[in-house]
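Descriptive structure summary
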Amino acid sequence: RQLVAECPGPGVDRAMALHDLGILLTEVGRPADAEPELRAADAEYRAAGRQVWYAATVGSDLAAALTAQGRHAEAEPLLRAALAAMRRLAAAGEPD
């Protein structure tokens, strides 16, 4: 969290740091701690107006954190939205 605090923000760099922290927290079995970080990453990406691959994947990573908490109904629409965004980006030739 200290590294995230040191990121200049708001912006894409801060969003990516929050996103990475959320992924890490989920992977070490702390999905409830990951959720606010991933939601903050999503908000940062949106505020920056960026629709890049990382911005699309934050929804699927948030869905993974929710699923790990047993919140499947909340996760499903996020997964569907992430898939749709990834398909749009792939069709547009957006690099990953």
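What you see is a predicted model; the values in this text were computed from it and never measured. (Residues numbered from 1 in each chain as written. Predicted model: local features only at pLDDT ≥ 70, side-chain atom pairs only at ≥ 80, totals over all residues. Heavy atoms only, no water.)

**Quick word on the nonpolar core**
Judged by nonpolar contacts, the single largest core of 17 residues is most densely connected at Ala 34, Leu 38, Ala 41, Tyr 45 and Val 58. Elements represented by at least two residues in this core include exactly helix 2 (12-27), helix 3 (31-48) and helix 4 (53-68). Ala 56, Ala 82, Ala 85 and Met 86 belong to the second largest nonpolar core, which has 5 residues in total. (Core = buried A, V, L, I, M, F, W, Y, C linked by side-chain atoms within 4.5 Å. Buried < 20%, exposed > 50% of the residue type's maximum accessible area, 1.4 Å probe, protein only. Helix = DSSP H or I, 4+ residues; strand = E, 2+ residues; numbered from the N terminus.)

**Focus on the side chain of His 19**
On the secondary structure map, His 19 appears in helix 2. Judged by relative accessible area, His 19 falls into the buried class, the value being 2%. In this structure His 19 touches Leu 38, Ala 41, Tyr 45, Tyr 54, Thr 57, Val 58 and Asp 61, once residues within four positions along its chain are discounted. (Contact = heavy atoms within 4.5 Å.)

**Here we look at the packing of helix 3 against helix 4**
Running from N to C, helix 3 and helix 4 point in directions that differ by 160°, and their axes come no closer than 9 Å. The orientation of helix 3 relative to helix 4 falls into the category roughly antiparallel. Crossing geometry of helix 3 relative to helix 4 is assigned as left-handed. Residues Pro 31, Ala 34, Glu 35, Leu 38, Arg 39, Ala 41, Asp 42 and Tyr 45 of helix 3 pack against Tyr 54, Ala 55, Val 58, Asp 61, Leu 62, Ala 65, Leu 66 and Ala 68 of helix 4. Of the residues assigned to the contact of helix 3 with helix 4, the class counts are 12 nonpolar, no polar and 4 charged. (Axes fitted to C-alpha atoms, helices over the stretch in contact; angles between N-to-C directions. Parallel < 35°, antiparallel > 145°, perpendicular 65-115°, else oblique. Left-handed = near helix turned anticlockwise from the far one by under 90°. Nonpolar A, V, L, I, M, F, W, Y, C, P; charged D, E, K, R; others polar.)

**Quick notes on the packing of helix 2 against helix 4**
Where helix 2 meets helix 4, the axes come as close as 10 Å, and the angle between the chain directions of the two elements is 25°. Taken as axis vectors, helix 2 and helix 4 run roughly parallel relative to one another. When the axes of helix 2 and helix 4 are compared, the crossing they make is left-handed. In contact with Met 16, His 19, Ile 23 and Thr 26 of helix 2, helix 4 contributes Tyr 54, Thr 57, Val 58, Asp 61 and Ala 65. Looking at the contact of helix 2 with helix 4 residue by residue, the class counts come to 5 nonpolar, 3 polar and 1 charged.

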